[in-house]
Protein chains: 4
Amino acid sequence: MVGRTLLQQALPITFGLKAAGWLTAIDAAGARLREAVDAALYVQLGGAAGTLASLGDRGIEVAALLAEELGLRMPVMPWHAQRLVLFEVATPFAGAAMVVGKIARDVTLLAQSEVREASEARAPGWGASSTMPHKHNPVSAVAALGCARRVPNLLATLATSGEQEHERAAGAWHAEWETFADLLRLTGSAAVWTRDLLGGLTIDEGRMRTTLDDAGPMLAAEHLAALLAPVLGRLPALEHVRDAVAVAERTARPLVGVVLEHAPTASALSEMGLDAGALARALDPARHLGSADAWITRALSAHEASRARSGRAP
Amino acid sequence: MVGRTLLQQALPITFGLKAAGWLTAIDAAGARLREAVDAALYVQLGGAAGTLASLGDRGIEVAALLAEELGLRMPVMPWHAQRLVLFEVATPFAGAAMVVGKIARDVTLLAQSEVREASEARAPGWGASSTMPHKHNPVSAVAALGCARRVPNLLATLATSGEQEHERAAGAWHAEWETFADLLRLTGSAAVWTRDLLGGLTIDEGRMRTTLDDAGPMLAAEHLAALLAPVLGRLPALEHVRDAVAVAERTARPLVGVVLEHAPTASALSEMGLDAGALARALDPARHLGSADAWITRALSAHEASRARSGRAP
Amino acid sequence: MVGRTLLQQALPITFGLKAAGWLTAIDAAGARLREAVDAALYVQLGGAAGTLASLGDRGIEVAALLAEELGLRMPVMPWHAQRLVLFEVATPFAGAAMVVGKIARDVTLLAQSEVREASEARAPGWGASSTMPHKHNPVSAVAALGCARRVPNLLATLATSGEQEHERAAGAWHAEWETFADLLRLTGSAAVWTRDLLGGLTIDEGRMRTTLDDAGPMLAAEHLAALLAPVLGRLPALEHVRDAVAVAERTARPLVGVVLEHAPTASALSEMGLDAGALARALDPARHLGSADAWITRALSAHEASRARSGRAP
Amino acid sequence: MVGRTLLQQALPITFGLKAAGWLTAIDAAGARLREAVDAALYVQLGGAAGTLASLGDRGIEVAALLAEELGLRMPVMPWHAQRLVLFEVATPFAGAAMVVGKIARDVTLLAQSEVREASEARAPGWGASSTMPHKHNPVSAVAALGCARRVPNLLATLATSGEQEHERAAGAWHAEWETFADLLRLTGSAAVWTRDLLGGLTIDEGRMRTTLDDAGPMLAAEHLAALLAPVLGRLPALEHVRDAVAVAERTARPLVGVVLEHAPTASALSEMGLDAGALARALDPARHLGSADAWITRALSAHEASRARSGRAP
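Residues numbered from 1 in each chain as written. Chains lettered and ligands numbered in written order. Predicted model: local features only at pLDDT ≥ 70, side-chain atom pairs only at ≥ 80, totals over all residues. Heavy atoms only, no water.

**Observations concerning the interface of chain A and chain B**
Phase 1: Taken together, the contact pairs 83 residues of chain A with 82 residues of chain B.
Phase 2: When the two sides are added together, the surface that chain A and chain B hide from each other amounts to roughly 6800 Å², 67% of it contributed by carbon and sulfur.
Phase 3: Among the residues of chain A in contact with chain B, M98(A), H166(A) and W295(A) are the three that bury the most area, contributing 12% of the side total.
Phase 4: Taken together, chain A and chain B are joined by eight salt bridges.
Phase 5: Here R32(B) and E88(A) are joined by a salt bridge, their closest N and O atoms 2.7 Å apart.
Phase 6: Scanning the region where chain A abuts chain B turns up 30 residue pairs in polar contact (both at pLDDT 80 or more). (Contact = heavy atoms within 4.5 Å. Buried area = accessible area lost by both parts, 1.4 Å probe. Salt bridge = Lys/Arg side-chain N within 4 Å of Asp/Glu carboxyl O. Polar contact = N/O pair within 3.5 Å; in protein donor to acceptor, adjacent residues only side chain to side chain.)

**Side note on the pairing of strand β2 (residues 8-12) of chain D**
Consecutive side chains of a regular strand alternate in pointing toward one face of the sheet and then the other.
All names here are of chain D.
Phase 1: Most of β2 sits inside the fold, with five of its five residues counted as buried.
Phase 2: As defined by bridge partners, strand β1 (residues 2-5) adjoins β2 across four bridges and the pair is classed as antiparallel. Across the sheet, G3 pairs through a bridge with L11, a residue of β2.
Phase 3: Here β1 folds back onto β2, and the loop between the two strands holds two residues, one of which, L6, carries a positive phi near 55°. (Buried < 20%, exposed > 50% of the residue type's maximum accessible area, 1.4 Å probe, protein only. Helix = DSSP H or I, 4+ residues; strand = E, 2+ residues; numbered from the N terminus. Pairing = 2+ DSSP bridges.)

**Structural notes on the relation of the copies chain C and chain D**
Phase 1: For the pair chain C and chain D, the best superposition has an RMSD of 0.1 Å and corresponds to a rotation of 180° with a translation of 0.0 Å parallel to the axis. In symmetry terms, the pair is related by a two-fold rotation axis. Across chain C, the rotation axis passes nearest the C-alpha of A156(C), at a separation of 2.8 Å.
Phase 2: Interface residue correspondence from chain C to chain D reaches 100%, placing this contact among same-surface, isologous pairings. (Least-squares fit on C-alpha atoms with pLDDT ≥ 70 in both.)

**Structural notes on the packing of helix α3 (residues 84-110) of chain A against helix α3 (residues 84-110) of chain B**
Phase 1: Running from N to C, α3(A) and α3(B) point in directions that differ by 155°, and their axes come no closer than 11 Å. Classed by the angle they form, the pair α3(A) and α3(B) counts as roughly antiparallel. Note on packing geometry: the crossing formed by α3(A) with α3(B) is right-handed. Across the interface between the two elements, L84(A), F87(A), T91(A), A94(A), G95(A), M98(A) and V99(A) from α3(A) touch L84(B), F87(B), T91(B), A94(B), G95(B), M98(B) and V99(B) from α3(B).
Phase 2: A per-class count over the contact of α3(A) with α3(B) returns 10 nonpolar, four polar and no charged. (Axes fitted to C-alpha atoms, helices over the stretch in contact; angles between N-to-C directions. Parallel < 35°, antiparallel > 145°, perpendicular 65-115°, else oblique. Left-handed = near helix turned anticlockwise from the far one by under 90°. Nonpolar A, V, L, I, M, F, W, Y, C, P; charged D, E, K, R; others polar.)

**Considering the packing of α3(B) against helix α6 (residues 172-199) of chain B**
Residues and elements named next belong to chain B.
Phase 1: Relative to each other, α3 and α6 sit at 35°, their axes nearing to 9 Å. For the pair α3 and α6, the sense of crossing is left-handed. For the pair α3 and α6, contact is made by L86, V89, A90, F93, A96, A97, V100, I103, A104 and V107 and by E176, F180, L183, L184, T187, A190, A191, T194, L197 and L198, respectively.
Phase 2: Across the contact of α3 with α6, the residue classes tally to 17 nonpolar, two polar and one charged.

**A closer look at the side chain of E167(A)**
Phase 1: One can find E167(A) in the loop between α5 (151-160) and α6 (176-199).
Phase 2: On the accessibility criterion, E167(A) (10% relative accessible area) is buried.
Phase 3: Residues within four places of E167(A) in sequence aside, it is in contact with A48(A), A49(A), H80(A), A81(A), V2(B), G3(B), R4(B), T5(B), I13(B) and K18(B).

**Examining the packing of aromatic side chains**
All names here are of chain B.
Phase 1: Applying the stated criterion across every chain yields a total of eight aromatic pairs over all chains.
Phase 2: Ring geometry for F15 against W22: centres 5.9 Å apart, planes inclined by 85°, an arrangement best described as edge-to-face. An identical accessibility class is assigned to F15 and W22; each is buried.
Phase 3: On the basis of an interplanar angle of 90° and a centroid distance of 5.1 Å, the ring pair of W173 and W177 is categorised as edge-to-face. Of this pair, W173 and W177 both sit in helix α6, four residues apart, which is roughly one turn of that helix.
Phase 4: Among the residues examined, W173 registers a relative accessible area of 18% and is labelled buried.
Phase 5: For W177, a relative accessible area of 48% puts it in the partly exposed group.
Phase 6: Sitting above the plane of the W173 ring, R168 keeps its charged end 5.3 Å from the centroid. (Phe/Tyr/Trp six-rings, centres within 6.5 Å; stacked < 30°, edge-to-face > 60°. Lys NZ or Arg CZ within 6 Å of the ring centre and 35° of its normal.)

**Things to note about the relation of the copies chain A and chain B**
Phase 1: Placing chain A over chain B gives an RMSD of 0.1 Å and needs a rotation angle of 180°, together with 0.0 Å of translation along the axis.
Phase 2: With an isologous cut-off of 70% or more, the 99% of interface residues of chain A that recur at the interface of chain B puts this contact in the isologous class.

**Re the pattern of salt bridges**
Between side chains of opposite charge, a pair can form as their charged atoms come close.
Phase 1: With the rule as written, the count across this model stands at 76 salt bridges over all chains.
Phase 2: Residue R150(A) pairs with E178(D) through a salt bridge whose shortest N-O separation is 2.5 Å. One end of the pair, R150(A), is in the loop between α4 (139-148) and α5; the other, E178(D), is in helix α6 (residues 176-199), on a second chain.
Phase 3: On the basis of relative accessible area, R150(A) is assigned to the buried category, the value being 8%.

Remember, this is a structural readout, not a statement about activity or role.
As structure tokens, this is what we get:
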């Protein structure tokens, strides 16, 4: 499929590479969330001012027993007015919201009427517009975005609440309660919408190939410049290809034809023994995928290792 | 010293307990920062669209060599459009800004003219007001707060930038550059101001004791209610002490005297064999510190372990 | 051109309607900015604590003279610790950043390789990719977005700074300085990039028409359902058109053909005397533009009135 | 009372001046809110893509009738994807939250056990601590702060949502719904808590005077430097007073005594004919209030004008 940068077609990639990027990010977000559950959930028992004075000299013992009973960790100190502890629990959720927001954004873009390389599952009534019967809205992606976009500023409210006065804060603490719950709820909702989205995602391989073929010769410009570089030098090759692209665009002619007629590139290609057919074959997008497959292999290995570590079936 | 909750005097604590809370939070923030430097600094080399196509089939090899040369980790995948990686580096800084903001806030409150339990170091001209020659401003704390308070919303901008389009974002990526640099710069400045602040902090123990003595009998209410609970029951004890506090406040008399005259508490105290002198001794704030020392011991042990782990001298 | 909702082709609109939306928003943002300059720029002179005591009994007179000299308004009271005044100056800038961000987002979407209905001006070297000579990046739009996206959280920092202690704040005030300057700078930059963007924007009318024609019959579904409603009833008409759309998509046949063969819609159309040709003419997108032109007329009138009010040439 | 800057006692002010600052800010926030209700509440009716095509050529007429029926203004254009309109409604609420947050912050500081210049109304059970029967928490102020502190980042989410795609956004629009409702709800709650707070606020004038008297001589440093300036020059006077303050603090002696013994200041005072008694009278804080009363008069006049404009009883 075509890879897009700054929302412009740029270079050939594979859908596998894009999906591997999603997978690796989900794995990373999941690993951080598990770490947070394992490492950052501390019991809080300090009494009114942190001394546990009302428990005499057995305060720490009681706190430890409470931690054990609740399955929470015992902190070095009470953290009633030290909110880094809460922030450490919240940040992996905000990270997860970033990851699912990126996936949902990609899907809304791939699902655009003019792109149609991916679409959400259709269920009766689902994604249908109430007034436009032809529409097929990417409802899961939109809902995921609607949730995920609210998370960053909730995290900011928690971070702002770090400045708590003395042994218990007047206001900052109270600002955290609903905010923290909202942050968990919205991240969870965004994740569920994204799970539904990915579970029912339809990929249109034919459409991806058509987009690539339509864009192909233009997309091959980097590839062509790389081919010509050994003969023409890297910068002159880039310059000549840029000129040829301009001619091809202005005259609506294929790039291959233009470079075979443009004197400097034509002589270089002739020196390299490349005629029109050989050049077209050399410029096949499938020959310009670089490390795409190797990255995917890395992503899948890492994913299996991650599942094994977390004790889940692969 | 007196512990304060909701900006009201609440219960006796020790300054050591407060400082141990700061220390534990600094240790936690420092540990997370070191983890981030160790674990989250990944090389980014993916070429224009993540395939490294211009490097033929040696892209991953080149990326790994670049990582090695720069002392960075090799990621599973390029992360040009997956910004969790950047967020993971930024969050420990935001956490550190929370921690130093809390310390600076406590110091500005302790340094209030009406409290004066702590003050910043005085150097000639430093903290002097340009128009009010008597003032001694807590300039390091104020500067630390001025920096630290800007960090949460910079983090929110980075988290919002997670939603990046396809293989390279149109705008979200560009919004990160100055934001990330500002976040590091402001956290660093806040930390340096806080180091200066703590390095020169003067603690006025006498003043702390005076505040405690002035507040003493009122502050002892929880302690008193706990003393009376075995005889009167927990809730009635609380109720009776609350009434006695009201009487003591209205009549500006010492709480001890009031409870020795108030029938139900007087009879309970008599049953317990506590006269005025014994009651006053029993209510000494230093006898109502609960686990304060034990928490401090935990904080110091954890701090030494943390320094040992990070290879620094204790 | 095609109108798009949730990034799906929805209904025909005109580019004029879209541009009129931009214009109206720019006018509104500009009017608010002028209001802010006229109404919200107040002098601040209160001395150290707001009394102007060092000026004896002539403080207010001096403040008024200073305001006059600086061309600022005289406030009811000094506002050193009342930051609504600053917030009122900042919000119109944040509103302007929203408006230019929306325009820049629309342009990046219209400029997508798969859409190509608009593109930025080309100047030599401008928007060229360093490695992909065929690319034509929407650099002004991307730069505008990169600036505009940072503004909301700077505004949040200013709003958070409203909670200032007593007569002069310890930290909150200091957090405002660079933040306010950054907010003005980034909004200004976003606006300049957007001016360049709009000044050089090329609209491809032919491409817009092609998109509309390709999408036409599907896009006409609302129109068709509206045509059939008087005979079939509103909801049944919608239901039948939805079915016909599904058939047309599955079989890749024109919608008009499908509804002329589908029994219930065919009989309704026959009752209405609409054969294939008449139906196709009835469904011409140019006949389903509703109030588009009337809205544009309103926008242009309001714009001229706005320019007249602000004393600028129309 | 004493005025405080950077949480340090600075100069004498009056409580009236502080309250006038609150009043002026409330008036300004209220005026902006009324403006927003009058000027920014626009009907939104544009149909699916802004054309109102389903209403034929009567769309604008219908929109105008709907606006009339709902008591809303008719916009120049539909604003479904132009969110400045929503932001304009939200910002006065965020401004109001800033204003009440500042008041609540001042009250929590004035209500500190060590300050006690103001306290909230006491009702049975209200503000009582569940475990510390002597405490009298500033619950209304704390609740107001807990609400008001969440508003700035909700506003940031709305501002971030300005970047909406084409004719209806995929995600940004959906992120606004709960956010906008929360922003209104929390501002309203913060305002109600602040109304309760101010309605029941007890001011302890005697305590204010005591604080002032205790701080008096030190607080008079600016005043003293101003007195000496005509004889000694402005900067030398400041320098000498700063030295005298240092001596007075170190030796715990009254400032007046110190300056009467310190050669340069003593000779200046003698030249001015000021002995100890005359100096003490000259330095009475009530003689160093500058324009405090004049500011209050301005605030009250502006308040009455504001009430008259808004048609409310004064």
